[in-house]
Amino acid sequence: MTKTLLITGASSGIGAETARAAVASGWNVALVARSADKLDALAKELGDAAIAIKADVTELSQIEDAVAKTVEKFGGLDAAFANAGKGLDTPGTEQGDPEEWRTLVDLNIMGLLYTTRAALPELRKTKGHLVLTGSAAGRNHIKGSIYGATKWFVHGYGGNMSAEMREWGGRCTVVSPGMVDTPFFDEPKPDKIQPEDVGNAVVYALNQNPRAELREIHIMPTG
Ligand SMILES: NC(=O)c1ccc[n+]([C@@H]2O[C@H](COP(=O)([O-])OP(=O)(O)OC[C@H]3O[C@@H](n4cnc5c(N)ncnc54)[C@H](OP(=O)(O)O)[C@@H]3O)[C@@H](O)[C@H]2O)c1
């Protein structure tokens, strides 16, 4: 039976390219983000294997609804990719904007937790797979980086979820890219990792034999 993957942050960058790679590999995908126009265009491109679901992952009820719609459409959930995330316009603890920190934490930490909470009951039924987008900035210390600290949370939490999910045959993978050429940055980064490189790596982890849990995929640009 065709497996189903829910992706947050699917309207752009890593999430959109993971959706393309997953469908090419035989998965159904539920595309979740706030930009309905972009999600609809991608779902149209991907055809019957895709459903577009507008949701803000910083609202628990919205991601819960998205999971319910996914299960209703495709009959179950085999994997969830909590990928939506953002950076900061103004870095630094002294210079930074505390209100901007709150939106960062709401998305990069709370949104990831809400996505996991909404998906876990369904993943337990399928012995499913949780994938989280960490970062090279979540495994190396970068001076003063508050964004990086939110990604350290992701790496710590991902390891803890591996320990929990293995009890019922589930798996958790943290994907930790270095710089990826996406709208995350204002300027193009053509010599860095392309988002399809990360998408391919995520699908590689998903397609492993269930006995094998790729706990982390760390992917860096050569350029
Ligand atoms: N680019 C890099 O160099 C890099 C490196 C390491 C890790 N990462 C991480 O990779 C992940 C994806 O980033 P990207 O590079 O692909 O950037 P991106 O192209 O800016 O994608 C961010 C995605 O998150 C979605 N999003 C933002 N706020 C949301 C919300 N409240 N609810 C639902 N979706 C929301 C955006 O869609 P809407 O605006 O339509 O909601 C968009 O689809 C992030 O977690 C980022 O921290 C990026």
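Structure shown above.
Overview of the structure. (Residues numbered from 1 in each chain as written. Predicted model: local features only at pLDDT ≥ 70, side-chain atom pairs only at ≥ 80, totals over all residues. Heavy atoms only, no water.)

Okay, the site of the ligand next. In the vicinity of the ligand, 30 residues are found, and the nearest of them are Ser12, Ser35, Tyr147, Val180 and Thr182. Between the ligand and the protein, one listed contact pairs an oxygen atom with a side-chain N or O atom of Ser12 at 2.4 Å. For the ligand, whose unbound accessible area comes to 870 Å², protein coverage reaches 92%. Looking at the shell around the ligand, the elements with two or more residues in it are helix 1 (13–24) and helix 5 (146–165). Split by residue class, the shell around the ligand holds 14 nonpolar, 13 polar and three charged. (Near = heavy atom within 4 Å. Polar contact = N/O pair within 3.5 Å; in protein donor to acceptor, adjacent residues only side chain to side chain. Areas by Shrake-Rupley, 256 points an atom, 1.4 Å probe, with all protein chains shown as cover. Helix = DSSP H or I, 4+ residues; strand = E, 2+ residues; numbered from the N terminus. Nonpolar A, V, L, I, M, F, W, Y, C, P; charged D, E, K, R; others polar.)

Once that is clear, we can look at the packing of helix 1 against helix 2 (residues 36–46). At a minimum axis distance of 11 Å, the contact between helix 1 and helix 2 shows a crossing angle of 15°. With respect to helix 2, the axis of helix 1 lies roughly parallel. Crossing of helix 1 against helix 2: the hand is right-handed. Of the residues in helix 2, those in contact with Ala16, Ala19, Arg20 and Val23 of helix 1 are Leu42, Glu45 and Leu46. The residue inventory of the contact of helix 1 with helix 2, partitioned by class, reads five nonpolar, no polar and two charged. (Axes fitted to C-alpha atoms, helices over the stretch in contact; angles between N-to-C directions. Parallel < 35°, antiparallel > 145°, perpendicular 65-115°, else oblique. Left-handed = near helix turned anticlockwise from the far one by under 90°. Contact = heavy atoms within 4.5 Å.)

We now examine helix 3 (residues 60–74). Across its 15 residues, helix 3 extends 21 Å between first and last C-alpha, which sits within 8% of the 21 Å expected from 1.5 Å per residue. Buried-residue contacts for helix 3 involve strand 1 (4–8), strand 2 (28–33), strand 3 (50–54) and helix 4 (98–126). Backbone geometry just downstream of helix 3 places Gly75 in the positive-phi region, at approximately 90°. (Expected span 1.5 Å × (residues − 1).)

Another point: the packing of aromatic side chains. The geometry of two aromatic rings is summed up by the distance between their centres and the angle between their planes. Counted by the stated rule, this structure contains three aromatic pairs. Note on Phe184 and Phe185: the rings are 5.0 Å apart at their centroids and 75° apart in plane angle, and the pair reads as edge-to-face. Relative accessible area serves as the criterion here: at 37%, Phe184 is assigned to the partly exposed category. In this structure Phe185 comes out as partly exposed when scored by relative accessible area, which is 25%. Cluster of aromatic residues (ring-pair linked, three or more members): Tyr147, Phe184 and Phe185. The ring centre of Phe185 lies 5.2 Å from the NZ or CZ of Lys189, which sits over that ring. (Phe/Tyr/Trp six-rings, centres within 6.5 Å; stacked < 30°, edge-to-face > 60°. Buried < 20%, exposed > 50% of the residue type's maximum accessible area, 1.4 Å probe, protein only. Lys NZ or Arg CZ within 6 Å of the ring centre and 35° of its normal.)

This part is about the sheet that holds strand 4 (residues 79–82). The seven strands lie next to each other as 3-2-1-4-5-6-7, forming an open sheet whose pairing is parallel. The open sheet has two free edges, formed respectively by strand 3 and strand 7 (216–219), since each of these has just one partner strand. Each neighbouring strand pair of the sheet contributes to a mean axis angle of 15°, computed without reference to strand direction. Across five bridges, the pairing between strand 1 and strand 2 is parallel. Bridged to Leu6 within strand 2 is Ala30. (Pairing = 2+ DSSP bridges.)

A few words now on helix 6 (residues 195–206). When the terminal C-alpha atoms of helix 6 are compared, their 17 Å separation across twelve residues agrees well with the 16 Å that a helix rising 1.5 Å per residue should span. Among all positions in helix 6, only Pro195, Val198, Gly199, Ala201, Val202, Val203, Ala205 and Leu206 are buried. Structurally, helix 6 contributes buried residues whose contacts are with strand 1, helix 1, strand 4, strand 5 (129–133), strand 6 (171–177) and strand 7.

Moving on, we get to the environment of Ala50. Relative to the helices and strands, Ala50 resides in strand 3. Residue classification places Ala50 among the buried positions, given a relative accessible area of 10%. Between the alpha carbons of Ala50 and Ala19 there is a distance of 8.5 Å; along the sequence they are 31 residues apart. Apart from residues no more than four positions distant in its own chain, Ala50 is found in contact with Val29, Leu31, Ala43 and Phe74.

Attention shifts here to the packing of helix 4 against helix 5. As a packed pair, helix 4 and helix 5 sit with axes 10 Å apart at the nearest point and diverge in direction by 15°. When the interaxial angle is binned, helix 4 and helix 5 end up roughly parallel. Every pair of crossing elements has a handedness; the one defined by helix 4 and helix 5 is right-handed. In contact with Trp101, Leu104, Asn108, Ile109, Leu112, Leu113, Thr116, Leu120, Leu123 and Arg124 of helix 4, helix 5 contributes Ile146, Tyr147, Thr150, Lys151, Phe153, Val154, Tyr157, Met161, Glu164 and Met165. Tallied by class, residues from the contact of helix 4 with helix 5 come to 14 nonpolar, three polar and three charged.

Nothing here speaks to function; it is all geometry.
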